[in-house]
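Architecture at a glance
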Amino acid sequence: MVTSLEERPISAAVIKRLPRYYRYLQDLQNENMERISSEELSRRMGVTASQIRQDLNNFGGFGQQGYGYNVEYLKNEIGKILGLNKTHNMIIIGGGNLGKALAGYANFESRGFVVKGIFDANPDLVGKRIRDIRVMAMENLECFLEENEIAIATLAIPKQDAQHVAEQLYAAGIRAIWNFAHVDLDLPRDIYVENVNLIESLMQLSYRLNKKH
């Protein structure tokens with residue numbers, strides 16, 4: 001039986017690895033592999049077999065001694081843990097280049113993340129269509145959220161606007177923000193914020209290159 005996150009605290013490091021497990025298992029399923037040992041999965045992923053077993057044991061284990069893991073079953077169970085068996089309606093705040101790129105990423109929908117609305121404060125962008133979604137003015141945001149069940153809001157806006165917009169989203173009932181603005185948001189503890197900082201990621205890559213040379 002899978003233990004829920006609410007019943008048993010799971011470390012952030014384990015949660016961060018779950019999507020990677022899911023991706024590798026999806027690739028294995030595409031290769032028509034029916035089962036795999038933790039050792040073979042370890043070789044493919046570059047994670048120790050003991051780490052894999054320890055991570056999965058947080059949710060019940062899923063493996064059988066002498067058999068390993070059923071690829072389809074394990075992928076589906078990890079998908080349930082990640083909530084991929086549900087549909088998550090999203091909005092994107094920001095219709096610029098980044099917002100367009102995010103809205104145009106078709107793989108979101110294949111994982112259950114559906115973009116329902118795009119908003120921007122720039123009147124030159126309002127009314128234009130991105131993947132058949134008309135960009136709406138920020139003035140329409142509150143009404144849109146009242147009329148639609150939106151789970152996640154994506155911030156693809158300049159950092160100087162992010163805090164105010166995030167507070168507006170929180171007041172409207174949003175409790176999950178995917179934040180691409182290069183700023184740490186100061187929000188109540190009952191909202192989940194996932195920060196994606198592209199510049200910091202590049203800086204880490206630069207560090208590794210600098211250290212090598």
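Note that this is a predicted model, so its numbers are computed, not measured. (Residues numbered from 1 in each chain as written. Predicted model: local features only at pLDDT ≥ 70, side-chain atom pairs only at ≥ 80, totals over all residues. Heavy atoms only, no water.)

**So, the confidence of the model for the protein chain**
- Per-residue pLDDT for the protein chain has a mean of 92; in total, 96% of the residues score no lower than 70.
- Long-range and interchain partners of residues 1-6, a stretch whose pLDDT sits below 50, account for 11 contacts in this model, where long-range means more than four residues apart. (pLDDT = per-residue confidence, 0-100. Contact = heavy atoms within 4.5 Å.)

**What to know about the sheet that holds strand β4 (residues 113-120)**
- Taking strand neighbours across the sheet as the criterion, the 7 strands line up as β5-β6-β4-β3-β7-β8-β9 in an open arrangement whose pairing is mixed. Both edges of this open sheet fall to β5 (129-130) and β9 (192-195), since each of them pairs with a single strand only.
- Both β4 and strand β6 (residues 133-137) contribute to a ladder of 3 bridges, which runs parallel. In the strand pairing of β6, Asp120 is matched with Ala137.
- Lying on the sheet, helix α8 (residues 159-171) is in contact with β3 (88-93), β7 (152-155) and β8 (176-179); it crosses β7 at an angle near 170°. (Pairing = 2+ DSSP bridges. Helix = DSSP H or I, 4+ residues; strand = E, 2+ residues; numbered from the N terminus. Axes fitted to C-alpha atoms, helices over the stretch in contact; angles between N-to-C directions.)

**With respect to the nonpolar core**
- Ranked by internal contacts, the top residues of the largest apolar core, which has 22 residues, are Ile91, Ile93, Phe119, Leu141, Leu155, Leu169 and Ile177.
- Those elements that provide at least two residues to this core are β3, α7 (141-147), β7 and α8.
- For this core, the element with the highest residue contribution is α8, accounting for 4 residues.
- When residues no more than four places from it in sequence are discounted, the contact partners of Phe119 are Ile91, Ile92, Ile93, Gly94, Gly95, Val135, Met136, Ala137, Met138, Asn140, Leu141 and Phe144.
- Counting 21 residues, the second-largest nonpolar core is a separate cluster that includes Phe62, Tyr69, Leu74 and Ile81. (Core = buried A, V, L, I, M, F, W, Y, C linked by side-chain atoms within 4.5 Å. Buried < 20%, exposed > 50% of the residue type's maximum accessible area, 1.4 Å probe, protein only.)

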